[in-house]
Every structure is written in C-alpha cells, then in structure tokens.
Amino acid sequence: MIKINENYLKLQASYLFSDIAKRVAGFQEANPEKEVIKLGIGDVTRSLPDACIEAFHKAADEMADESTFRGYGPEQGYPFLKEAIAENDFQARGADISPDEIFVSDGAKCDSGNIQEIFAIDSKIAIPDPVYPVYLDTNVMAGRAGDFDNNRYQNIAYLESTKQNGFIPDLPSEPVDLIYLCFPNNPTGATISKTQLKTWVDYAKTNKALILFDAAYESFIRDDSLPHSIYEIEGAKEVAIEIRSFSKTAGFTGVRCGYTVIPKECMAYDVNGNPHPLHPLWNRRHTTKFNGASYPVQRAAAAVYSEAGKAQCKERIDFYLRNAKLVREEMTALGYDCVGGDNSPYIWIDGQRDSWEFFDLLLKKAGVVCTPGAGFGKCGEGFIRISAFNSFENVEKAMARIKSALA
Ligand code: PLP
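Residues numbered from 1 in each chain as written. Predicted model: local features only at pLDDT ≥ 70, side-chain atom pairs only at ≥ 80, totals over all residues. Heavy atoms only, no water.

Caption draft 1: A look at the nonpolar core. One finds I179, I211, F246 and F252 to be the most contacted residues of the largest nonpolar core, which totals 53 residues. Setting aside anything within four residues of it in sequence, one finds F252 in contact with L48, C52, F246, S247, C257, V297, A300 and A301. Core analysis: the second largest hydrophobic core is formed by 39 residues, V327, M331, Y336 and W356 among them. (Core = buried A, V, L, I, M, F, W, Y, C linked by side-chain atoms within 4.5 Å. Buried < 20%, exposed > 50% of the residue type's maximum accessible area, 1.4 Å probe, protein only. Contact = heavy atoms within 4.5 Å.)

Shown next, in the form of structure tokens:
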C-alpha cells in the first residue's frame, strides 16, 4: 500500500491570495463601474530591461545554429554568469565570494524551499513571523515543524518581528540550528544594519548554527550603510548561505533565474559533532535534482551586469521606489505608522485594527487592493502590506482615493 507523506496533512491551507481574489471578484461584481487598483501581490509590472532582451534574443538565435547551439550546460550555471555575479554582487562590495561558490538556479523560491533537504530532520528551525511562507511550509513538508496548535507549529522557534523590536527579531531564546533571515524583508520592508546582522552571525558561530539569508530584495537598498549581502559581515562565510533572485532586480519573475551562494568554509555537523562543508552536499543535491537554468535565461541574467543593464535595472528599481515613497508619505500623513518603502518595494502599515477589516475598508471605500498582514503570520495581525509594483499614475490615484476614504 502506497502511503502519503503525512506531514503534508499538517500544512495549513493558505487562503490568503485566494481569499483576496474572492473578495475582489465579489466587489467587482457588485460594482462593475468601479475600477480596482491592485497594490497587493509582489509581482513586477515593468518589462524586461532592453539589455536583457537583446541578450535573450541573441542567445535564442545561437540555439538555432548548430555551430553555436548549446545542450545541457553545467548544472551550477555557466561561468560567464557566475563570474559576473561574483565580481559585481560580492567582490565589488568587499565580500570575497568566488564563482565556484555560486549555484545558479531557476529562482529563489526553489532554492529557499530545497535547501532544507541537506540538514538533519531533527534540526531546530527558527523562522520569522511575519514571513515569506515558503521557509515554513517546506519545513512542515519535511516533518520538522510538529503539530499546529494555537496558530503555531509546536517545534518551530518563531522570531517575532514587531513594532517593539523595530521589525528586527531578537536572538532566539532557545537553542536553534537553522535560522531564516530575509532583508530587506518581505512582508515588512524592514532592513537590517551591519551591526544588527553581526549579532546574528556571532550567534550562529557561538551556537554552531546556520543562517539562511534571503537577499531577494537587495537591489532596493539605497542607504549606503546597509549590507546588501551577509558576506559583508566578518565571519559570515563560515555560518551563512545566501539566496538571491533576478526576479525583482531585473523583472525576471516570469523568466526565472536566481542563485544560491555556499562558501567553501560554510560547515554543518554530523551526529558525532564532526564538521562537514556544505558546498559538496549542495553540489550533489543540485546536480542530482537540477539540470541547469536555460542558456538564453542565463545570458539575459548576465546582461544585468553590463553597463546598460545596470542602468536599466536601476531605473526600474528607482521607479518602484518612487511609488513606495508616495505610499509611505501619504499613509504616514494620514496618521498610520509605516515601515519599509525606503529600501524596499513593500510598505508595512499598522492599520490600528484587524488586518482583514482594513483590507475590506480599502477595497470597499477606495477600490484599492492590499494584502492583509495576518496572512503572513500571527505577528502580521493588525497590519497590511502595500506593494509598490504598479504604475505611478495608479499609485497616485490609489493614494488619493485612500485619502478621501480615510479622511
Ligand atoms: N524570497 C522572497 C523573500 C520573496 O518575496 C520571493 C518572491 O516574492 C522569492 C524569494 C521568490 O523569488 P523567485 O521569483 O526568484 O522565486
């Protein structure tokens, strides 16, 4: 008899985006004349940069000619892309990462979900609340989370991000093995300073723990004092894996490309306490289960690092940040406490009431769709997330409507 993985039965149904879609559809049916502005989901709206499109086309043409055609490539990614990543994303910031420490993939979601496979099943996991749900659900699937009771999985150490701690969680009060951190954060938009990040690196070193640092929104950082990579922190190479994505940096949400960095000196331990480098483990996992990101996609990603590509990506991020600034300023002027929106596309707003109630209010009175914070975890209750991914005109219109609805 084939049996199921019963851990899947422990997953909490995620009704967040389907609930939002249902409420929006109901509103539109009742008010067909009203235009709804969506500032809910975290998907980009601008097209791919020209530099990426040109490289994409050129690579597709190469595939049409036998002399330049490429079949299977290296599972870890082509050297032309890994070299560009190492040089621009790390070495240029003083982080000593080499191309062979980089594993190119089809996105940060897969990597952040798959990475837990190389750790022991009884590892104690620390997960932020509120959180990008992939970290939690993949550990539930693996059987590390325990039973769900009173809104929490019993074996997870929750790292609460609240107004009181400035949305930077305190160090765990119990010993943990694997720590998920994401900065700039989804959903809160909060950022972490080098000093704050250093306390996590030091904790990991002292406790032989590992940090999984998700830097998917790093390109939104405009404050020069903030770290773009955890490897800007001394000692991080021994205790941290970093995950990056081209999705928000270059509009690749539909193209699919990201990467994971595992430094050669990054270690985890066997049952006898002997250290083992994680690089060969992940290399084995990656080469066994993944056959490489497509060649044209990797050429398009490499074009992000050309002079033209850098300028075009920056222009797009600046565009979203202009939207974010407007949202933050207007909501603050209306008397709502906000975080994010300055080095992040997300603005996390204290709605001063139940987050679904605030969602309904904005939908019904302003025709604006946001995301209720409660959908990201217990600590998200009372908050909403507004995303800056839309046209400036729509964001202006949405804010004018919210202003008159809440006035
Ligand atoms: N990590 C975080 C924190 C995200 O918010 C997202 C997407 O929204 C991802 C990873 C997924 O990125 P990708 O499109 O590369 O899979």
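Caption draft 2: A look at helix α12 (residues 392-406). Between its first and last C-alpha atoms α12 spans 21 Å; for 15 residues at 1.5 Å apiece the expected length is 21 Å, and the two agree. Tucked into the core, α12 has its buried residues touching β1 (37-38), α10 (307-333), α11 (355-366), β15 (368-369) and β17 (383-387). (Helix = DSSP H or I, 4+ residues; strand = E, 2+ residues; numbered from the N terminus. Expected span 1.5 Å × (residues − 1).)

Caption draft 3: The arrangement of the packing of aromatic side chains in detail. Taken as a whole, this structure holds 23 aromatic pairs when the rule is applied. Arranged with centres 6.1 Å apart and planes meeting at 85 degrees, the rings of F80 and Y295 form a pair that is edge-to-face. Taken as a pair, F80 in helix α3 (residues 79-90) and Y295 in helix α9 (residues 295-302) lie far apart in primary sequence, 215 residues in all. The class of Y295 is buried, set by a relative accessible area of 3%. Here a set of aromatic residues connected by ring pairs shows up, and it is made of F90, Y231, F246, F252, Y259 and Y305. In this arrangement the basic side chain of R152 is found over the ring face of Y158, its NZ or CZ atom lying 4.2 Å from the centre. A cation over an aromatic ring shows up here: K208 above the ring of Y269, its NZ or CZ 5.0 Å from the ring centre. (Phe/Tyr/Trp six-rings, centres within 6.5 Å; stacked < 30°, edge-to-face > 60°. Lys NZ or Arg CZ within 6 Å of the ring centre and 35° of its normal.)

Caption draft 4: Spatial organisation of the side chain of R152. Along the polypeptide, R152 turns up in strand β5 (residues 152-153). Here R152 falls in the buried class, since its relative accessible area comes to 14%. In this structure the side chain of R152 is engaged in a polar contact, spanning 2.5 Å, whose partner is the side chain of D129. The residues contacting R152, other than those within four sequence positions of it, are D129, D147, Y158, E160, K378 and C379. (Polar contact = N/O pair within 3.5 Å; in protein donor to acceptor, adjacent residues only side chain to side chain.)

Caption draft 5: Spotlight on the sheet that holds strand β16 (residues 371-372). Strand order in the open sheet formed by 4 strands is β13-β14-β17-β16, with antiparallel pairing between adjacent strands. The two strands at the open ends of the sheet, each matched to only one other strand, are β13 (338-340) and β16. Of the pairings in the sheet, the one linking strand β14 (residues 346-350) to β17 comprises 5 bridges and is antiparallel in character. Bridged to I347 within β17 is I386. (Pairing = 2+ DSSP bridges.)

Caption draft 6: Molecular detail of the layout of surface pockets. Reported here for the largest pocket is a volume of approximately 1400 Å³. F17, V131, Y132, P133 and F376 are, among the 46 residues lining the largest pocket, the residues nearest its centre. Contributing elements (two or more residues each) for the lining of the largest pocket: α1 (16-30), α4 (108-114), β3 (125-129), α5 (134-142), β5 and α7 (247-250). Examining the composition of the lining of the largest pocket, we find that 4 residues originate from one element, α5, more than from any other. A breakdown of the residues in the lining of the largest pocket according to their chemical character gives 23 nonpolar, 11 polar and 12 charged. (1 Å grid on protein atoms, 1.4 Å probe; cavity = no way out; pocket = protein on both sides within 12 Å on 5 of 7 lines; lining within 4 Å. Points joined across faces, edges and corners; volume = space filled by probe spheres on them. Nonpolar A, V, L, I, M, F, W, Y, C, P; charged D, E, K, R; others polar.)

Caption draft 7: The arrangement of the site of the ligand in detail. In the vicinity of the ligand there are 14 residues, among which D214, Y217, S245, S247 and R256 approach most closely. Note that an oxygen atom of the ligand is positioned 2.6 Å from one of the side-chain N or O atoms of Y217. S245 is positioned such that a nitrogen or oxygen atom in its side chain is 2.6 Å from an oxygen atom of the ligand. Protein chains shield 90% of the accessible area of the ligand, which is 390 Å² for the free molecule. The cavity where the ligand resides is the largest pocket. Where the shell around the ligand is concerned, the elements lending two or more residues are α4 and α7. Classifying every residue of the shell around the ligand by side-chain character gives 6 nonpolar, 4 polar and 4 charged. (Near = heavy atom within 4 Å. Areas by Shrake-Rupley, 256 points an atom, 1.4 Å probe, with all protein chains shown as cover. Sits in = over half its atoms within 2 Å of the grid points.)

Caption draft 8: Local environment of the pattern of salt bridges. Under the counting rule described, the total for this entry stands at 28 salt bridges. For D318, the salt bridge identified is with R222, shortest N-O distance 3.0 Å. Residue D318 is located in helix α10, and its partner R222 is located in the loop between β8 (210-214) and β9 (240-245); the two are separated by 96 residues in the primary sequence. Classification of D318 by relative accessible area gives partly exposed; the value is 27%. Where salt bridges share partners, they join D89, E218, E242 and R244 into one cluster. (Salt bridge = Lys/Arg side-chain N within 4 Å of Asp/Glu carboxyl O.)

Caption draft 9: Spotlight on the environment of S355. Residue placement: S355 occurs in helix α11. Residue S355 is classed as buried on the basis of its relative accessible area of 0%. Expressed as a C-alpha distance, the spacing of S355 and G373, which sit 18 residues apart in the sequence, is 6.0 Å. When near neighbours in sequence (up to four residues on either side) are disregarded, S355 contacts P372, G373, A374, G380, E381, G382, F383 and I384.

Caption draft 10: Quick look at the side chain of N7. Looking at the element boundaries, N7 is found in the segment before α1. On the accessibility criterion, N7 (18% relative accessible area) is buried.

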